[in-house]
2 protein chains.
Amino acid sequence: MDTKTKIVQTALALFNEQGVDVITVRHIAKEMGISHGNLCYHFPNTDTIIRQLYDQLVEQLTSQIGGVITGPLSLNRLAELVGEVMQMLYDYRFLMLDFAGIMRRIPDLRDKHRALVSSRKLAFQHILTQLRALGKLREELYDGHDDDLLEQFFIVGDFWLSSATILYEGAEENKIKHYQQVFLSLIVPCLTNKGLTEWKDIDRKKTL
Amino acid sequence: MDTKTKIVQTALALFNEQGVDVITVRHIAKEMGISHGNLCYHFPNTDTIIRQLYDQLVEQLTSQIGGVITGPLSLNRLAELVGEVMQMLYDYRFLMLDFAGIMRRIPDLRDKHRALVSSRKLAFQHILTQLRALGKLREELYDGHDDDLLEQFFIVGDFWLSSATILYEGAEENKIKHYQQVFLSLIVPCLTNKGLTEWKDIDRKKTL
DNA sequence: ATCTAACTAGTACATTTGTTCTAAAACTAA
DNA sequence: TTAGTTTTAGAACAAATGTACTAGTTAGAT
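All values derive from a computational prediction rather than experimental measurement.

Chemist: Teacher, can you tell me more about the pattern of salt bridges here?
Modeler: Opposite charge on two side chains lets them pair, provided their charged atoms get close. One pass over the full model with this rule turns up 22 salt bridges over all chains. In this structure, the salt-bridge partner of Asp98 of chain A is Arg104 of chain B, at a minimum N-O distance of 3.6 Å. Taken together, the residues Asp98 of chain A in the loop between helix H6 (93-97) and helix H7 (99-105) and Arg104 of chain B in helix H7 (residues 99-105) connect one chain to another. A residue is classified by how much of its surface remains accessible, and Asp98 of chain A, at 9% relative accessible area, is buried. Here Arg104 of chain B falls in the partly exposed class, since its relative accessible area comes to 35%. A salt bridge links Asp146 of chain A to Arg132 of chain A, with the shortest nitrogen-to-oxygen separation between them at 2.9 Å. Linking Asp146 of chain A in helix H9 (residues 145-167) with Arg132 of chain A in helix H8 (residues 107-133), this pair joins segments that are 14 residues apart in sequence. Arg132 of chain A shares its class with Asp146 of chain A; the two are buried. Salt bridges linked by common partners bring Arg77, Glu80 and Glu84 of chain A together as one network.

Set out below in structure tokens:
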């Protein structure tokens, strides 16, 4: 395999295991069994690697989300999407666990992320209107509630992993499913009776 | 003022301004105009200072929350409580912005925080039952929805500041109020018509 | 007045980290 | 082959940091 991609992969693993703040180029080089001089030839510092990893994640996310908002939408499909996105975030969990710190240290990423959020915001808005058109979502409870809901999506979506490392005590393999449920329960109280029945139906099927 | 408390205060200011990860005992000492040897006499390292600051915050929080759950509860009082707690978290924002990292580095704090969360969980559960008894809160939409709601509280409550540093673009003095609104909007879709009218009434009064 | 403990300044040292440089090795194209 | 480019290893250096130590100073108790 290409040294460059191998560096990125090794870095990802180490970041996820030990945290992005304690891993240096020397650690990564040692883990790979190459000299750190060599590593610095490809990536002068860890921030460059982080940038690369972030780009990878964003690429995966946008293609995934983009695929969904074009197709037909059901609550079931929405639930699947959330699960898939969360799995991706989990694969790059080092980013999510130091989000604020990384974004402060690397301003490029902050700007890039804002762009990503804008696109995600549009996607979610699209989903809300579509659900409402299908009679599954209640009307806004007050002016601007949709915006508040979107913000909730972003906070829970970006920081469920941080919260999990502190509070979650269940089995690791159920973690994503658990927080998928927490995320989706943001929207459940906003469903109409029609939407709610559909939702409970999904739930029933899954537990079978 | 006591040197010890002055160290803690200076550290808090520097942590909040520049981030907990870039501030060392030498920085704090320099800012205070004392030798870092002296500072290390009082606090051998920054982690000890962080521990102290965390304890301060927890003390403030518990006394605040404890005061509320004993008294009579209205949605208005709940909104006030959320605002007050958020103000406290803002005063110690360095903690919230590196939450996962700090908790990983200082395991004592993680345990302490879990205890805090347990008590907060009870407090919130208490609030939910009380609101429901007063006919302001809808029944659970599905079995376990209250638990999901509590988790949402904790994620939004602990990480609104992190999200804000990345996404919030409004005026600094409106920040807390904005996220107070986002937090409270978690519960609004779960209100009964009675609760909703009361809620809108608060809103109307505030905007007057 | 004196003794003791608390406090403070400053020094010193080992590690770590980011960064740069040199030179050797491997590879590629003509 | 050969010339040039890319890749690699390793050394070297400055700056920062955690930690420990020494030696003064202060303040309060007896």
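Back to the write-up after that little detour.
Chemist: So what exactly am I meant to see when it comes to the packing of helix H4 (residues 46-70) of chain A against H8 of chain A here?
Modeler: Residues and elements named next belong to chain A. Close contact between H4 and H8 brings their axes to 11 Å; oriented N to C, the two are set at 10 degrees. If you check the angle between H4 and H8, you find them roughly parallel. Contacts between H4 and H8 involve Ile50, Arg51, Tyr54, Asp55, Val58, Leu61, Thr62, Ile65 and Ile69 from the first element and Asp108, Leu109, Lys112, His113, Leu116, Arg120, Ala123, His126 and Ile127 from the second. Residue composition of the contact of H4 with H8, grouped by class: ten nonpolar, three polar and five charged.

Chemist: What's the story with the protein's contact with DNA strand C in this structure? I'm lost.
Modeler: Inspection of the region around DNA strand C gives 16 residues, with Arg26 of chain A together with Thr3, Ser35, Asn38 and His42 of chain B positioned closest. Close to the protein, within 4 Å, the atoms of DNA strand C belong to sugar or phosphate groups at a rate of 55%. Between DNA strand C and Arg26 of chain B there is a distance of 3.4 Å, counted from a base nitrogen to a side-chain nitrogen or oxygen. At 3.0 Å from a phosphate oxygen of DNA strand C is found a main-chain nitrogen or oxygen belonging to Ser35 of chain B. Broken down by secondary-structure element, the contributors of at least two residues to the surface near DNA strand C are helix H2 (25-32) and helix H3 (36-42) of chain A together with helix H3 (36-42) of chain B.

Cut-off values and rules
- Residues numbered from 1 in each chain as written.
- Chains lettered and ligands numbered in written order.
- Predicted model: local features only at pLDDT ≥ 70, side-chain atom pairs only at ≥ 80, totals over all residues.
- Heavy atoms only, no water.
- Salt bridge = Lys/Arg side-chain N within 4 Å of Asp/Glu carboxyl O.
- Helix = DSSP H or I, 4+ residues; strand = E, 2+ residues; numbered from the N terminus.
- Buried < 20%, exposed > 50% of the residue type's maximum accessible area, 1.4 Å probe, protein only.
- Axes fitted to C-alpha atoms, helices over the stretch in contact; angles between N-to-C directions.
- Parallel < 35°, antiparallel > 145°, perpendicular 65-115°, else oblique.
- Contact = heavy atoms within 4.5 Å.
- Nonpolar A, V, L, I, M, F, W, Y, C, P; charged D, E, K, R; others polar.
- Near = heavy atom within 4 Å.
- Polar contact = N/O pair within 3.5 Å; in protein donor to acceptor, adjacent residues only side chain to side chain.

By themselves, these are just geometric observations and shouldn't be taken as functional.
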